[in-house]
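Residue-level structure breakdown
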Amino acid sequence: MSNPIAVEVDQVTREIDSGTHLVKILKGISFQIPHGEFVAIMGASGSGKSTLLGLLAGLDAPTTGHIFLDGTDITNLKEDDMARVRGSKIGFVFQSYQLIPTLTAEENVLLPHELSGKSGDGGPRAKQLLGQVGLLDRASHYPVQLSGGEQQRVALARAFMIQPPILLADEPTGNLDTANGRIVLDLLIKLNREESTTLVMVTHDKELAAYADRIITLRDGLLVSDERKTA
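Scope of this entry: the structure provided in the associated data block. What you see is a predicted model, and the numbers here were worked out from it, not measured in a lab. (Residues numbered from 1 in each chain as written. Predicted model: local features only at pLDDT ≥ 70, side-chain atom pairs only at ≥ 80, totals over all residues. Heavy atoms only, no water.)

1. Let's talk about the overall build of the chain
Per the secondary structure count, the chain includes seven helices and ten strands. At 18 Å, the chain has a C-alpha radius of gyration in line with the 17 Å of a compact globule built from 231 residues. With respect to the three principal axes, the spread of C-alpha positions in the chain is 50 × 40 × 40 Å. Every one of the 231 residues in the chain was classed for burial, and the buried ones make up 49%. Residue pairs at least 24 apart in sequence account for 70% of intrachain contacts in the chain once pairs closer than 6 positions are excluded. Accessible area of the chain: about 11000 Å², with a carbon and sulfur share of 51%. (Helix = DSSP H or I, 4+ residues; strand = E, 2+ residues; numbered from the N terminus. Rg over C-alpha atoms; globule rule 2.2 N^0.38 Å. Buried < 20%, exposed > 50% of the residue type's maximum accessible area, 1.4 Å probe, protein only. Contact = heavy atoms within 4.5 Å. Areas by Shrake-Rupley, 256 points an atom, 1.4 Å probe, with all protein chains shown as cover.)

2. Brief notes about the pattern of salt bridges
According to the stated counting rule, one finds 13 salt bridges in the structure shown. Across the pair Arg14 and Asp60 runs a salt bridge, and its minimum N-O distance is 3.7 Å. With Arg14 in strand S1 (residues 5–17) and Asp60 in the loop between helix H1 (49–56) and strand S4 (64–69), this pair connects stretches of sequence that are 46 residues apart. We classify Arg14 as buried; its relative accessible area is 19%. We note a salt bridge from Asp70 to Lys89, for which the minimum N-O separation is 3.0 Å. Residue Asp70 is found in the loop between S4 and strand S5 (72–73), and its partner Lys89 is found in helix H2 (residues 79–89); the two are separated by 19 residues along the sequence. Using a relative accessible area of 15% as the deciding quantity, one classes Lys89 as buried. (Salt bridge = Lys/Arg side-chain N within 4 Å of Asp/Glu carboxyl O.)

3. Remarks on the packing of helix H3 (residues 105–116) against helix H5 (residues 148–159)
Close contact between H3 and H5 brings their axes to 7 Å; oriented N to C, the two are set at 30°. Of the possible angle classes, the one that applies to H3 and H5 is roughly parallel. Considering how the two elements wind past one another, H3 and H5 form a crossing that is right-handed. Between H3 and H5, the contacting residues are Ala105, Asn108, Val109 and Pro112 on the first element and Val154, Ala157 and Arg158 on the second. (Axes fitted to C-alpha atoms, helices over the stretch in contact; angles between N-to-C directions. Parallel < 35°, antiparallel > 145°, perpendicular 65-115°, else oblique. Left-handed = near helix turned anticlockwise from the far one by under 90°.)

4. A look at the layout of surface pockets
In this structure, the largest pocket spans a volume of roughly 600 Å³. Taken together, 20 residues line the largest pocket, and the ones lying closest to its centre are Arg86, Ile90, Phe92, Pro112 and Leu115. Looking at the lining of the largest pocket, the elements with two or more residues in it are H2, strand S6 (90–93), H3 and H5. Considering only residue class, the lining of the largest pocket consists of eleven nonpolar, five polar and four charged. One number sums up the size of the second largest pocket: a volume of about 280 Å³. Lining the second largest pocket are 14 residues, with Thr173, Thr178, Asp205, Glu207 and Leu208 sitting closest to its centre. Secondary structure elements with two or more residues in the lining of the second largest pocket: helix H6 (178–195) and helix H7 (206–209). If you tally residues by element for the lining of the second largest pocket, the top one is H6, at four residues. Taken together, the residues that form the lining of the second largest pocket break down as four nonpolar, five polar and five charged. (1 Å grid on protein atoms, 1.4 Å probe; cavity = no way out; pocket = protein on both sides within 12 Å on 5 of 7 lines; lining within 4 Å. Points joined across faces, edges and corners; volume = space filled by probe spheres on them. Nonpolar A, V, L, I, M, F, W, Y, C, P; charged D, E, K, R; others polar.)

Here it is in structure tokens:
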């Protein structure tokens, strides 16, 4: 392992100019996540948790402070460099699936491999992952032909395609009913353990968060609680 710490957030603030005043979304957040840990980030709407996930993904830059992914300081990376970091270090699972409608399930899973520029045939890996989420028989189906639960399972397979050391999940069961949400969560945890990935999940659901090794709670842009599950 190149670095024992997968994610480091060091005194991060995030402010947005509303036109009349500065809105302080994050107010000096600091924490570290070791490789392999499953962390849930919780907080009410407006607490800053989705903003924090966006910063971890390099979609925005903090106003002050630094963010490190697997030892790489991503705080001020140019977009091309950040794209390379995303292509090699980060997998994503979104609430809204975000599958490409004109691609089959298998082609959607393959997409990160093709975007990463990696050599070799990614087909066997894509089929393996579709099998792991129970959708190998749906490989040639398009998203419109899949249920919401099936689409999110394809999205899970896609997220693990490049074997990312870090997986970011934003309310991954938010658009699913209870039964499908549980299936997706179980698969997410199973794949996470099998792939030895660091999982950072934003959720407002206490039942989901209870599966995590650790729960970080934000309130009004401040880190108010950081609790690890006791053995």
